[in-house]
Amino acid sequence: MFFANSSLEMVYIEAIANALDANATEIKVQINIDSYSDPDSLKIEISDNGIGFTDDRYRKFCKLFDVDETSHKGLGRLVYPFYFEKIKISSNYDGVYLREFDFTESLDEDNSRVREVSETDSGTKIKLEGYNLTKVKKHDYVKVDYLRDRILEEFYPRLYNLKTSNQAFSISISSTIEGRTYEKVLTINDIPDLETVELNSSIDLISKFRLHYKIKKTPNIETSLITAISVDSRTKKVDIIADENLPVGYTMVFLLFSDWFEGKVDFSRQSLTIPDHEMKSIQAIFREKVKELIDEEIPEIVERNKHKREVVIDKFPHLSGYFNENDIGYVSYDKIIRNAQDKFFKAQREILDAQELSDEQYDKSMELSSRALTEYILFRQYTINKLKEINNSNSETEIHNIIVPKYKQFDKRNISEDLYLNNAWILDDKYMTYEAVLSDKKMNELVDYITDGEYKESDEGQPDIAIIFSNDPETSEKFDIVIVELKKKGIKLEKAMAVETQLVSRARKLMKHYNSRIQRIWFYGVVEFNEDLELHLRGSYTELFSMGKVYYKPTFAAIQLDPEIKVPIEIHIMDLDSVVKDADARNSTFLNLIKNKFKTS
């Protein structure tokens, strides 16, 4: 109920928090596990030299919510029985007393065993055995490097206060895994002297916000970063710099302190109780100051982030003006784009929902229209780039689905909804205006469509793509048709040339309606060229101008034997690279024009 997102590391955190509350200066964590695959063997022992379980402290331990001050929640110990079946606690206190008890559900003030012993130092030892879960979710939870960093991150404010008070401390972690022992120690020497700056904030007019920080170049040490706010002498991480943006070779600490944060954490200490709008404001002023400090201390970051800004605006020019400048180089790339898009969409909704447009709103609508067009041009470029990556390992279906998804039928009445699905424009921009696009539909379905159901024919053949355009079959006597056959890269000559046979076969079926329903028809075969195929084509085809290779041949299709009837048809054989390069050249013209507009506006 209290720990919806608990983790094994909370066992260590709670024990160390209690030890520090007991004024401990030496804390030892000992972990033993036979192997990662044997969680039942996990044993943990945590000991300290604090004041121990005095009568008063034991009484409070036995009762939830019985705490000395609001900064203590009184729930942390509940993680012990969640992870372990056996919890044995022994504690020396007041010089001559030893208290021992088992932490179970039936624990109360009468369950401990207290006896007098010879004079000894105070301290507490917790032994945890009988792991309750089927596995250790993360191996990090028993690794000394991770635990040291996690403990430092959680207790940085408290340890820093000990350092400023010149109070020595030692937190040692020992982990024996599969017979090998690893050790790490955290001491006062691991806490650097922090500098302090005050932040301007309108969140609270009384409480001050102070940022304690350290930026240190450590080229031989792995980059590390702590960005957190201090709440009740513990930290809560705040995302300020995404991992992808961390400057290499630096150790950085940024801790935000304020009396305003006191008590603003839930009972399990897992979530802050600060409203979202206030948290966003805190995060914004936090990031702004961190950015300012890093820019001063690491000048090369300024140039790096300037380049990142140029890259993101060059790639998404339609979002220029919607990017938060302070976020670039700090927030993750994906989130920067998403935040800018959200602002863009919000601006669009405001205009679309307006009943009437003022002059200012009209100008805004024109700007948003330009940005919306840019978004579509960018999508086209993304589609082109996907086709550029096609190689011999890609199937014909993959090529097909990028251009027009298989088994789909698109109608001009839904052209705005289908804008980002139907990419027939890759063949030629004139195919953006269509009456219908049939993808991998049977010939009889195509004939049925163009004859409005008047002509029935049983033909199981399936042209890859059929486009009906220029006129509406329901209202016009004649219209144009495009038939496209696709072949994957890397196929043999015989299969590549089969595309010509397929096109002629499609022509034979469709030309029966030539002059009656069809006024023009185009046939495209998209294949991969090689020397043998080109030699074959040059015998009867003419090469046309293109960014790649396109061969053209006018020929005849016989549609009847007696009396013999032949009708002229035109066939284009082109390679996929040609299609992609031509589409890229056309789209780049639009893209460069738009980029220049947004750069100068």
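Our structure's up above, just so we're on the same page.
The structure displayed is predicted, hence computed values, not measured ones.

> Is there a simple way to think about the overall build of the protein in this case?
A tally of regular secondary structure across the protein gives 13 helices and 21 strands. Within the protein, the fraction of its 601 residues that count as buried is 48%. In the protein, 66% of the contacts between residues at least 6 apart in sequence involve partners at least 24 apart. By element, 46% of the accessible surface of the protein is carried by carbon and sulfur atoms, the whole surface being about 31500 Å².

> Would you mind going over the pairing of strand β4 (residues 97–102) with me for this structure?
Sheet faces and side chains relate simply in a regular strand, where the side chains alternate between the two faces. Examined bridge by bridge, strand β3 (residues 84–93) and β4 share six bridges and lie antiparallel to one another. Paired with Asn 92 across the bridge in β4 is Leu 98. The antiparallel pairing of β3 with β4 creates a hairpin that spans three residues between the two strands, and Asp 94 there sits at a positive phi of about 50 degrees. Of the strand pairs in this sheet, β4 and strand β5 (residues 113–116) are connected by four bridges, and their pairing is antiparallel. Considered in β5, the bridge of Glu 100 is made with Arg 113.

> What is the right way to look at the nonpolar core in this model?
Within the largest apolar cluster, 58 residues are counted, with the highest numbers of intra-cluster contacts made by Leu 8, Tyr 12, Leu 42, Tyr 80, Phe 84 and Tyr 156. Leaving out residues up to four positions away in the same chain, Tyr 12 has contacts with Val 29, Ile 31, Ile 44, Ile 46, Tyr 141, Val 142 and Leu 147. Phe 379, Leu 387, Val 404 and Ile 465 belong to the second largest nonpolar core, which has 32 residues in total.

> Would you take a moment to explain the pattern of salt bridges for this structure?
Once their charged atoms are close, side chains differing in charge can pair, the charge on each being opposite to the other. One pass over the full model with this rule turns up 29 salt bridges. A salt bridge links Glu 154 to Arg 234; the shortest N-O distance between them is 2.9 Å. Of the two residues, Glu 154 is situated in helix α4 (residues 144–164) and Arg 234 in strand β12 (residues 234–237); the sequence distance between them amounts to 80 residues. Classification of Glu 154 by relative accessible area gives buried; the value is 8%. Note that Glu 325 and Arg 309 form a salt bridge whose closest N and O atoms lie 2.8 Å from each other. Within this pair, whereas Glu 325 is found in the loop between α6 (299–315) and α7 (333–352), its partner Arg 309 is found in helix α6, the two being separated by 16 residues in sequence. Accessibility expressed as a relative area gives 33% for Arg 309, which makes it partly exposed. Shared partners join several salt bridges into a network, and the residues in it are Glu 9, Arg 150, Glu 153, Glu 154 and Arg 234.

> Is there a simple way to think about the sheet that holds strand β13 (residues 250–257) in this case?
Backbone-to-backbone hydrogen bonds pair the strands of a sheet. The strands run either parallel or antiparallel. Read across the open sheet, the five strands follow the order β9-β10-β13-β11-β12; overall the sheet is mixed. A single partner strand is all that each edge strand has here, and the edge strands are β9 (195–199) and β12. Taken pair by pair, the neighbouring strands of this sheet meet at an average axis angle of 30 degrees, ignoring direction. Across four bridges, strand β11 (residues 224–231) lies against β12 in antiparallel orientation. For Ser 230, the partnering residue across the bridge sits in β12 and is Thr 235.

> Whenever I open this one, helix α12 (residues 531–538) confuses me. Can you help?
Residue pairs three or four apart in sequence face the same way in an α-helix, which turns once every 3.6 residues. Regarding α12, the residues found buried are Leu 533, Glu 534 and Leu 537. Seen along its axis, α12 keeps its buried residues to an arc of 95 degrees; they face one direction. For α12, the exposed residues set more than 90 degrees away from the buried face come down to Glu 531 and Leu 535. In this structure, the buried side of α12 is in contact with α11 (493–510), β18 (518–527), β20 (550–560) and β21 (565–575).

> For this particular structure, what's the right way to read a negative patch on the surface?
On the surface, Asp 239, Asp 243, Glu 244 and Asp 334 cluster together into a patch of negative charge. With respect to the helices, strands and loops of the structure, Glu 244 is situated in the loop between β12 and β13.

> Sorry if this is basic, but what is going on with the sheet that holds strand β1 (residues 26–33) here?
Within the open sheet, the eight strands sit side by side as β5-β4-β3-β6-β2-β1-β7-β8. Their pairing is mixed. The open sheet has two edge strands, β5 and β8 (180–187), and neither has a second partner. Between one strand axis and the next, the sheet turns through 10 degrees on average, direction left out of account. Judged from the eight bridges that link them, strand β7 (residues 170–177) and β8 form a sheet pairing that is antiparallel. Residue pairing across strands places Ser 170 opposite Thr 187, the latter belonging to β8. Contacts from α4 reach β1, β7 and β8, with the element oriented near 15 degrees to β8.

> In this structure, what is going on with the pairing of strand β2 (residues 43–48)? I would like to understand it.
In terms of burial, β2 is largely enclosed, as five of its six residues are buried. In this structure, β1 lies alongside β2, joined through six bridges in antiparallel fashion. Bridge assignment links Ile 27 to a residue of β2, and that residue is Asp 48. Sheet topology places β2 next to strand β6 (residues 123–131); five bridges connect them, and they run antiparallel. If you follow Ile 46 over to β6, its bridge partner there is Ile 126.

> Mind showing me how you'd approach the side chain of Asn 423 here?
Looking at the secondary structure, you find Asn 423 in the loop between β14 (409–411) and β15 (436–439). With relative accessibility at 4%, the residue Asn 423 sits in the buried group. In this view, Asn 423 contacts Phe 379, Thr 383, Ile 402, Ile 403 and Val 404; residues no more than four positions away in its chain are not counted.

> Teacher, can you tell me more about unusual backbone geometry here?
Negative phi values dominate among residues other than glycine, just as trans dominates among peptide bonds. One non-glycine residue, Asn 166, lies in the positive phi region at around 60 degrees. Judged by its relative accessible area of 66%, Asn 166 falls in the exposed class. Phi at Asp 232 takes a positive value of approximately 55 degrees, unusual for a residue other than glycine. Among the structural elements, Asp 232 can be located in the loop between β11 and β12.

> Is there a simple way to think about helix α1 (residues 9–21) in this case?
Taking 1.5 Å of rise per residue, the 13 residues of α1 would be expected to cover 18 Å, and the 18 Å separating its terminal C-alpha atoms lies within 8% of that figure. Across the 13 residues of α1, eleven count as buried, placing the element largely inside the fold. Just downstream of α1 lies Asn 23, where phi reads positive at about 65 degrees.

Cut-offs applied
- Residues numbered from 1 in each chain as written.
- Predicted model: local features only at pLDDT ≥ 70, side-chain atom pairs only at ≥ 80, totals over all residues.
- Heavy atoms only, no water.
- Helix = DSSP H or I, 4+ residues; strand = E, 2+ residues; numbered from the N terminus.
- Buried < 20%, exposed > 50% of the residue type's maximum accessible area, 1.4 Å probe, protein only.
- Contact = heavy atoms within 4.5 Å.
- Areas by Shrake-Rupley, 256 points an atom, 1.4 Å probe, with all protein chains shown as cover.
- Pairing = 2+ DSSP bridges.
- Core = buried A, V, L, I, M, F, W, Y, C linked by side-chain atoms within 4.5 Å.
- Salt bridge = Lys/Arg side-chain N within 4 Å of Asp/Glu carboxyl O.
- Axes fitted to C-alpha atoms, helices over the stretch in contact; angles between N-to-C directions.
- Arc of directions from axis to C-beta.
- Patch = residues over 30% accessible without salt bridge, like charges linked within 9 Å, V, L, I, M, F, W, Y side chains within 5 Å.
- Lys, Arg positive; Asp, Glu negative; His and termini not counted.
- Charge placed at Lys NZ, Arg CZ, Asp CG, Glu CD.
- Expected span 1.5 Å × (residues − 1).

Geometric values such as these leave the question of function open.
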